[in-house]
Structure formats: C-alpha cells, structure tokens
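# Structural features, examined
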Amino acid sequence: MNKSNLVQAVNEALHFELEKNPDMILLGEDIGRDGGVFRATDGLIDIFGENRVVDTPLSESGIVGVAIGMAAYGLIPVVEIQFMGFLYGAMEQLLSHAARLRNRTRGRYTCPIVVRAPYGGGIHAPELHSESTEALFVHTPGLKVVVPSTPAEAKGLLLSSIRDPDPVLFLEPAKIYRAIKEEVPEGEYLIPLGQARILTEGKDVTLITWGAMLHPVLKAADRLAAEGVEAEIIDLRTLSPFDSETLLQSVSKTGRAVIIHEAPRSCGLGAEISALLCEEALYSLEAPVLRVTGFDIPFPLPKTEKYYLPDVDQIVETIEAAVGY
Amino acid sequence: MGVDNFDLGALADPTKSHDSIKIDGEDPVFLKSQFRQMLTIRLVEEHLAAMRKEGVIGGPVHLGAGQEAVAVGVSTSLRNTDRIFGAHRSHSHVLAMGGSIHGLFAEVLGRETGLSRGMGGSMHLWDQPRGFYGSVPIVAGTVALATGAGLAAKMSGTDDIGVVYFGDGAIEEGVVHESLNLARMLQVPVLFVIENNLFSSHMHISLRQPHDATSRFAAAHDIRFDTVDGNNVVAVKNAAQRLINHSRSGEGPGFLEAVTYRLYGHVDWREDIDVGVRRSTEDLANWRKRDPIKRLFQGMEEAGIFSLDEQNLCEAEIRKDIDEAWAQALRDPYPSPDTLLDRVYTKQVMG
C-alpha cells in the first residue's frame, strides 16, 4: 500500500473517480493547466483532458451555479474553490440553489455536486485564507458538510461525497495537507457519510472534534493517559447531518464531554452538540459540556494565529476541568 | 436590429411602434397559434390579477401581462429537451412551452396538484416534461444554472440548449456577468433572453444604468446578440431562431434583448402609477397602444387571415378552459404536512 499525504489522497480519489465515472467533471480556478493552488488536481488535465478538468475564469458564484445546472442535467461536477474564504462569493448559489434544489422540486431533481475547499488556520496565511466557518453551512438544510482528518479518511470520504446524490461541501484542512503521511487504500475505498469515527475507546471523557484539530486532541489525550485519564476520541467527520447516535452513546458511558473546534465559539457547531447532549443525555452528564474553540473574531493574521488556535495545553486543561468537576 | 451607442432610442419610446405587426411570408396557421398562446397567457394573468384582488389567492403574484410576445416568440424554436429557466415573473415562460393552466393555478393556490406540488406558489414553477426546469424567486439566480445546464447538454453530445429569461434589473447582478464570461469562454449553448421592460421592481432603468440597451454587456463579453421590439412576436421569433440555430450548431451562447413593458406593477394587480419612478399614466396608455396581442390581431386582420369573430371565438374557448382549470384547482387538496420534512435530503439521515 502507498503512503500518501492528504493532498495526494484527494488527487488519488479524484483520479480514481474520473476514470470510473465518465459523467464526472472538475471545475475550478487554476485546476487544469496549473494543477491547483495546493496541487490537488495536479496532472489530471493531462490524463482526462480539458473538457473534464475545466479551467474557469475567476467567478466563484458562476462556477458553483454552472455546476448546479450541470448536476441537474445528469453530470457530477466537483468544484474546487481555492480557499474557504473565497466561497462567500458563491453563497447565494450554494444556499439559494444547491441546498434547495431537491426540496424545491419536491424530489424531481437532486444536486450531486461536491464543492471542495481548503479550510482552517495554522498555515500562516492572510485574512480569508484560514476560515473555519463550517457552521454557516451546517446551518443550511440541504447541504452536507464533510471534513476529513487524515489522508485515508480524505480519500474514503471524498469518494462517498462524489457519489452522494446531495450537494456536499468537502472541507480539506489545509494545515495537514502535507503534515501527515499514511497508507491510503488503493482503488475503491468508501467511508459512509453520516458516521462518526471512534479513534480510541475510553470511559472517563468523550472528546469530540474534526479536521486538523484532531491532531492536538490526540496529543492532549496521550498526555492525560499518563495520568490515568481514559478519553474516548470521536472524529465527527460528517458535520451535517452529524452522527448524534455515536455521540450520545459515548457520553452515556463517559458522562463527560469536551468539544474542540477552531471555529469561533458563538453558534459554532460545538454549541449545537452541547445542546444535543444537554437535551438527550442530561442524566448521564457528570460535568458541564465544555468547549475549546477559537475566539469570536475574524481569523487573525499570520503572526498572531498561534494565540487564536486551540493548542494542546488548552485542550489538556479543559479536559482536566471536565474530569475533575 | 442593432442599437446606436447602446441606447434603445425609439424602441424604448412608447409613442413609437404602434403599427400592426408585419406578417408577410408567415404561415397563417402558425400566426393564429401564436396569437392564441399570447391571448391565453394574457387572460390567465388577468384572471390571476382579479383573484388576487378579491383575496382568493393568498400569496403575491408577479404578472407579466404585456410581455407575452417574448416567451411565445422564443419558445417557437425550443423543444422539450431544452433546459429553460425563469425567475419571479415566469407564468408566460412556462405557458409558452405548453404548460398546464390548471398546474399553474393549483400552484398559485398552494394545492398538491400544482406545478411545484403546492410548495412554491407563483414564483416557483417547474414543468420538466416541457423543458421548463424552473423559476425561482431570486432575481438572476438561475442565470448560472442555465449556463451549466447548457454546458451539460454540450458535454453530453446533444444539441439541446440552456435558456434563461431575466430582466434589465437582473442584469445588474454580478452572477450574470460571471455567467456571460463563462458561457463565452466555454462556448456554452445557452440563450440569454433579456426582457427589458425598463423597470426593476420600481425604478426606471435610467435611474439604475447609464445606458438602457443591455446588449452592451453581450458586446463586452463577445457574445452574439440581437435587440428587438419585444412586443412584436414575429421579430422575436425570427431573432431567437437565428441565435438558437447558432447555439445548436456549436457556436456558443446568444443574447436576445427584447424591449417590452409590463402593464401591471411589480406585484399583484395594481398598475403602480407613481409607485414606479417615471411610470406615468401617459406612458402606460402609450404602451397599451404597443400591445403585442392587439398589434398581431391588426396585422392578421389587415392581411385578411383573421377576423374579430374568430378572435371572440378564440377568447371564449380560452375563458372556458380558464374557468374549468380554476374550478378544478379550487377543489384540489393541499399538500400533506408530512411532506415538509422528507424532501430535504435524498436519504434522510437524521442526526
């Protein structure tokens, strides 16, 4: 089995599916002749040609709208938006059309598009290049939101997203595009959407996270394991619609939960998960549901981002607070 | 017809173009069918206006009476496998493709039998078997979708095209320009039909744009365009046919600007005199003299192929259809509340 990083795994998934499904089309800025800002589509135009790997003008709204129209007529468009912060120009198309197509037509059309975008901080990038505003899209019924946390996860989740009949926003954590290499299954490899992944089982506290934040969470859990704290780590991976069953089962066992995300705190997805646990698992809870999050500010500029992003120390402290409550 | 300096000139002057439609060389049977379609749309909308005024219709209706020649003229060159999109004022677009009067009425009344199964209303029409992909209430929202639908047709190797109707207000939205550029660069078979009725919801175009000919945007994007009197169904038909033929034969997008006028105000039955800035009683009276239905009737009557008796008979038949469709729609059921939840995702994955 090959070892790949996350961006290579994305490329492998796109390559595999382009070969398998003649209706699949890639669209985006600089994705063809150039190979993409993060090289996710590198080389694909040479194999599949410019009719299937389509270089577009700088028109996020136009690209997403065109993809929706193509999807309604039987194609499977996979769009790359260069950074999550560039997606805001296409909000109208995503919210008013992609998310509503199925409901609006009372099931007569579906909208099988995937919009891929690098997201999240920690890459020393300027404003609008480090966004983590996934809650905006989770709050949009009709869209699915998927975030992988490792290369193999990226491949399995991306293939499932492409085959899903509904529109999927696939957010790739830019910080770990090249940080991790792991074995990625070759060929067909599907991870079902809507199912969270339990990385380690534990009885003392449930840690709920996704994307790049999984990695400091793993370190924090390692550190606490030395002190005898057994954490159950859950990678949510499909943020919408999310796997509430796995979360509730875990918390009914551990009685404690800490949610870790780099997005701003207020009305972040952590708030919704916390509300769910309070509504559905109140009698299991032995401590308040705690959150480690970014601040309620626009993502700060490169030199100060380390103060913004949750780090291992903060996560450890919060877990200790939950466990020691 | 070209326009000078991107100003519409006489085309936008309501004291001009009151003459009969010239029908030389046109097939009388075909002309009568065009007349009947236009009159059907007019009477349907007059009926909706009356019912809205009476309070029988619960939600807003955006009426396009006065603009019938545009959709009717364009649709003569369209087929059911084309991909046609509209917006908030789209009754004519769906009816011109043969859409059901009953389906429209039932939708406006929120009944399960409506074109959107009663979940949309006047601004929310779908008739896919007739090629009408749909209208949505957001101005310019479907322009990119039609471009994508046209691109899909090209990639699938058919000679079907995308078509989108929008107005001189919508053309001020950014996504229109993104779509025009994309359509040109990817040589998409799509026809952009601009119903230039000189008004956004309430503001006259002179208060919104430096020139009133929106075809200047087609020129800027190197897209083949034509500008016509949108109240002349023959002119619309001929221009649309030329542009559509180019698109079907792989020559990329087309842009048809049809200059017209809506006889009702922005929404519902009122005429919006004084509400619309620069919409005067005098202008409205002059535009009524450029009525596309009346002018076609005059042209046919002068040529001796149609008479007032025939028009009256035609009108009586349409009114009968309208009355039956309306009565049926009023008897139809409302959608069941369970359908609210089950159509958001394909497989409902509840969290």
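This is a predicted model, so every value here is computed, not measured. Position labels on residues start from 1 in each chain and follow its written sequence. Each chain is given a letter, starting from A, and each ligand a number, starting from 1, according to the order in which they appear as written. It should be noted that, the model being predicted, local features are given only for residues of pLDDT at least 70 and side-chain atom pairs only at 80 or more, the latter also being counted only at that level, while totals for whole chains, interfaces and linings use all residues. Only heavy atoms go into the side-chain values, all of them from the structure, while hydrogens and water stay out.

## Some words on the overall build of chain A
Under the convention used in this document: In this description a helix means any DSSP run of H or I spanning at least four residues, a strand means any run of E spanning at least two, and both kinds are numbered starting from the N terminus. Each radius of gyration is computed over the set of C-alpha atoms, and the globule rule expresses the reference value as 2.2 Å times the number of residues to the power 0.38. Accessibility here uses a 1.4 Å probe with only protein chains present; expressed as a share of the type maximum, an area under 20% marks a residue as buried, one over 50% as exposed, and anything in between as partly exposed. In what follows, a contact means two residues having at least one pair of non-hydrogen atoms within 4.5 Å. All accessibility values rest on the Shrake-Rupley procedure with a 1.4 Å probe; residue burial counts only the protein chains present in the view. Residues scored as charged are limited to Lys and Arg (positive) and Asp and Glu (negative), so that His and the chain ends carry no count. Charged side chains are reduced to one point each, which is NZ for Lys, CZ for Arg, CG for Asp and CD for Glu.
Scanning chain A from terminus to terminus reveals 12 helices and 14 strands. Since a compact globule built from 325 residues should have a radius of gyration of about 20 Å, the 19 Å found for chain A is in line with a globular shape. Looking at chain A as a whole, 64% of its 325 residues are labelled buried. The long-range fraction of contacts in chain A, counting pairs at least 24 apart against all pairs at least 6 apart in sequence, stands at 82%. About 11,900 Å² of surface is accessible on chain A, with carbon and sulfur atoms providing 51% of the total. Each charge class in chain A was averaged separately, 28 positive and 45 negative side chains, and the resulting centres sit 2 Å apart.

## Structural notes on the overall build of chain B
From N to C terminus, chain B includes 11 helices and 6 strands. For chain B, whose C-alpha radius of gyration is 20 Å, the value lies close to the compact-globule estimate of 20 Å for 351 residues. Taken over the C-alpha atoms alone, chain B extends approximately 60 × 50 × 40 Å along its principal axes. Across the 351 residues of chain B, 59% fall into the buried class. Relative to all contacts within chain B whose residues are 6 or more apart in sequence, the contacts with residues 24 or more apart total 76%.

## Some thoughts on helix α7 (residues 151–163) of chain A
Spelled out, the test is: Each residue after the first adds 1.5 Å to the expected span of a helix.
Compared with an ideal rise of 1.5 Å per residue, which puts 13 residues at 18 Å, α7 of chain A spans 19 Å between its outermost C-alpha atoms and is within 8% of the ideal. Among the residues of α7 of chain A, Pro-151, Ala-152, Glu-153, Ala-154, Lys-155, Gly-156, Leu-157, Leu-158, Leu-159, Ser-160, Ser-161 and Ile-162 of chain A are the ones counted as buried.

## Overview of empty space enclosed by the protein
Where we set the bar: Residues are said to line a cavity or pocket when one of their atoms sits within 4 Å of a point; the points come from a 1 Å grid over protein atoms alone, cavities being sets where a 1.4 Å probe fits but cannot get out and pockets being open sets with protein on both sides within 12 Å along at least five of seven lines. Grid points are joined across faces, edges and corners, and a volume is the space filled by probe spheres set on the points. Gly is placed with the polar residues, together with every amino acid not listed as nonpolar (Ala, Val, Leu, Ile, Met, Phe, Trp, Tyr, Cys and Pro) or charged (Asp, Glu, Lys and Arg).
For the coordinates displayed, the defined rule picks out 1 cavity of 30 Å³ or more. Estimated volume of the largest cavity: approximately 30 Å³. Thr-105, Arg-108 and Tyr-109 of chain A together with Trp-126, Asp-127 and Gln-128 of chain B together form the lining of the largest cavity. Its residues placed into classes, the lining of the largest cavity shows 2 nonpolar, 2 polar and 2 charged.

## Looking at the packing of aromatic side chains
The criterion, for reference: Stacked, tilted and edge-to-face are the three classes applied to pairs of Phe, Tyr and Trp rings, where Trp contributes its six-membered ring and a pair requires centres within 6.5 Å; stacked means planes under 30 degrees apart, edge-to-face means over 60, and tilted covers the rest.
Counting across every chain of the model gives 18 aromatic pairs over all chains. Residues Tyr-73 of chain A and Tyr-109 of chain A carry aromatic rings whose centres are separated by 6.0 Å and whose planes lie at 65 degrees to one another, so their mutual orientation is edge-to-face. A residue pair is termed long-range when its members are at least 10 positions apart, and Tyr-73 of chain A in the loop between α3 (60–72) and β4 (76–80) and Tyr-109 of chain A in the loop between α5 (101–104) and β5 (114–119) qualify at 36 residues. Site record: aromatic cluster; members linked through ring pairs are Tyr-73 and Tyr-109 of chain A together with Phe-85, Trp-126 and Tyr-133 of chain B.

## Digging into the packing of helix α1 (residues 6–20) of chain A against α7 of chain A
All names here are of chain A. Note the cut-off: Here, axes are lines fitted to C-alpha atoms. For helices the fit covers the stretch in contact, and angles between N-to-C directions go from 0 to 180 degrees. The crossing is said to be left-handed when, going from far helix to near helix, the turn is anticlockwise and less than a right angle, and right-handed when the turn is clockwise.
Taken N-terminus to C-terminus, the directions of α1 and α7 make an angle of 35 degrees; their axes are 8 Å apart at the nearest point. You can see that α1 and α7 cross each other, and the crossing is right-handed. Between α1 and α7, the contacting residues are Leu-6, Ala-9, Val-10, Glu-12, Ala-13, Leu-14, Phe-16, Glu-17 and Lys-20 on the first element and Pro-151, Ala-154, Lys-155, Leu-158, Leu-159, Ile-162 and Arg-163 on the second. Residue classes in the contact of α1 with α7 are distributed as 11 nonpolar, no polar and 5 charged.

## Re the confidence of the model for chain B
Going by this rule: The quantity known as pLDDT measures the predictor's confidence residue by residue, on a range of 0 to 100.
The share of residues in chain B with pLDDT of 70 or more is 97%, and the mean pLDDT across the chain is 94. Overall fold confidence for the complex sits at a pTM of 0.93, while the interface term, ipTM, reaches 0.88.

## Looking at the sheet that holds strand β2 (residues 24–28) of chain A
In sheet architecture, strand pairing relies on hydrogen bonds along the backbone and comes in two forms, parallel and antiparallel. Residues and elements named next belong to chain A. The line we're drawing: Strands qualify as paired when DSSP identifies two bridges or more between them.
Taken in spatial order, the 7 strands line up as β3-β2-β4-β5-β7-β6-β12 in an open sheet, and their pairing is mixed. Because the sheet does not close on itself, it has two edges, and the strands there are β3 (53–55) and β12 (238–240). On average, each strand axis in the sheet is inclined to that of its neighbour by 20 degrees, with strand direction left out of account. Where strand β6 (residues 144–146) lies against β12, 2 bridges are found, and the strand directions are antiparallel. By the bridge assignment, Val-145 is partnered in β12 with Ser-240.

## A look at the state of the cysteines
Rule in force here: Disulfide: a pair of cysteine sulfur atoms within 2.5 Å of each other.
For the structure shown, the criterion picks out 0 disulfides over all chains. Free cysteine: Cys-267 of chain A, not disulfide-bonded; nearest cysteine sulfur from Cys-278 of chain A at 15 Å.

## Describing the interface of chain A and chain B
Stated formally: In this description, buried area is defined as the sum, over both parts, of the accessible area (probe of 1.4 Å) that is lost when the two are combined. A carboxyl oxygen of Asp or Glu within 4 Å of a side-chain nitrogen of Lys or Arg is what we treat as a salt bridge. N or O atoms within 3.5 Å of each other form a polar contact, as long as, within protein, one can give a hydrogen and the other can take it, and as long as residues adjacent in sequence are counted only when both atoms are side-chain atoms.
Every contact between the two is made by 43 residues of chain A and, on the other side, 37 residues of chain B. Broken down residue by residue, the surface that chain A buries against chain B is led by Tyr-73, Arg-104 and Arg-106 of chain A, which jointly contribute 23%. Scanning the region where chain A abuts chain B turns up 0 salt bridges. Between the two partners, chain A and chain B, sit 14 residue pairs in polar contact (both at pLDDT 80 or more). Of all the secondary structure elements, the ones that give two or more residues to the side of chain A that touches chain B are β3, α3, α4 (91–98) and α5 of chain A. The element that contributes the greatest number of residues to the side of chain A that touches chain B is α3 of chain A, accounting for 10 residues.

## A few points about the pattern of salt bridges
Within the structure shown, the criterion is met by 40 salt bridges over all chains. Of the charged contacts in the structure, one is a salt bridge between Lys-253 of chain A and Glu-232 of chain A, with a shortest N-O distance of 2.6 Å. Taken together, the residues span a long stretch of sequence, with Lys-253 of chain A in helix α9 (residues 244–254) and Glu-232 of chain A in strand β11 (residues 231–235) at a distance of 21 residues. The partly exposed category is assigned to Lys-253 of chain A, whose relative accessible area is 43%. Judged by relative accessible area, which is 3%, Glu-232 of chain A ranks as buried. A salt bridge links Asp-229 of chain B to Arg-295 of chain B; the nearest nitrogen and oxygen atoms lie 3.0 Å apart. You can see Asp-229 of chain B sitting in strand β5 (residues 224–229) and its partner Arg-295 of chain B sitting in helix α10 (residues 292–302), a full 66 residues away along the chain. When its relative accessible area of 2% is taken as the criterion, Arg-295 of chain B is described as buried. Through salt bridges with shared partners, a single ionic network connects Glu-17, Lys-20, Arg-163 and Glu-188 of chain A.

## Some words on the domain arrangement of chain A
Residues and elements named next belong to chain A. For the record, the criterion: Throughout, the edges of the domains are those of an automatic or database domain assignment.
Partitioning chain A into domains gives domain 1 (2–184) and domain 2 (197–323). Computed over C-alpha atoms only, the centres of domain 1 and domain 2 are separated by 26 Å. Taken residue by residue, the interface counts 29 residues in domain 1 and 23 residues in domain 2. Carbon and sulfur atoms supply 58% of the area buried between domain 1 and domain 2, which totals about 2,000 Å² over both sides. The largest per-residue losses of area from domain 1 upon contact with domain 2 belong to Val-138, Ser-149 and Glu-153, which jointly make up 20% of the total buried on that side. Counting every contact that joins domain 1 to domain 2 gives 2 salt bridges. With a shortest N-O distance of 3.5 Å, Glu-153 and Arg-197 are connected by a salt bridge. Applying the counting rule to domain 1 against domain 2 returns 13 residue pairs in polar contact (both at pLDDT 80 or more). Broken down by secondary-structure element, the contributors of at least two residues to the side of domain 1 that touches domain 2 are α6 (134–138), β6 and α7. Taken together, the residues that form the side of domain 1 that touches domain 2 break down as 15 nonpolar, 8 polar and 6 charged.

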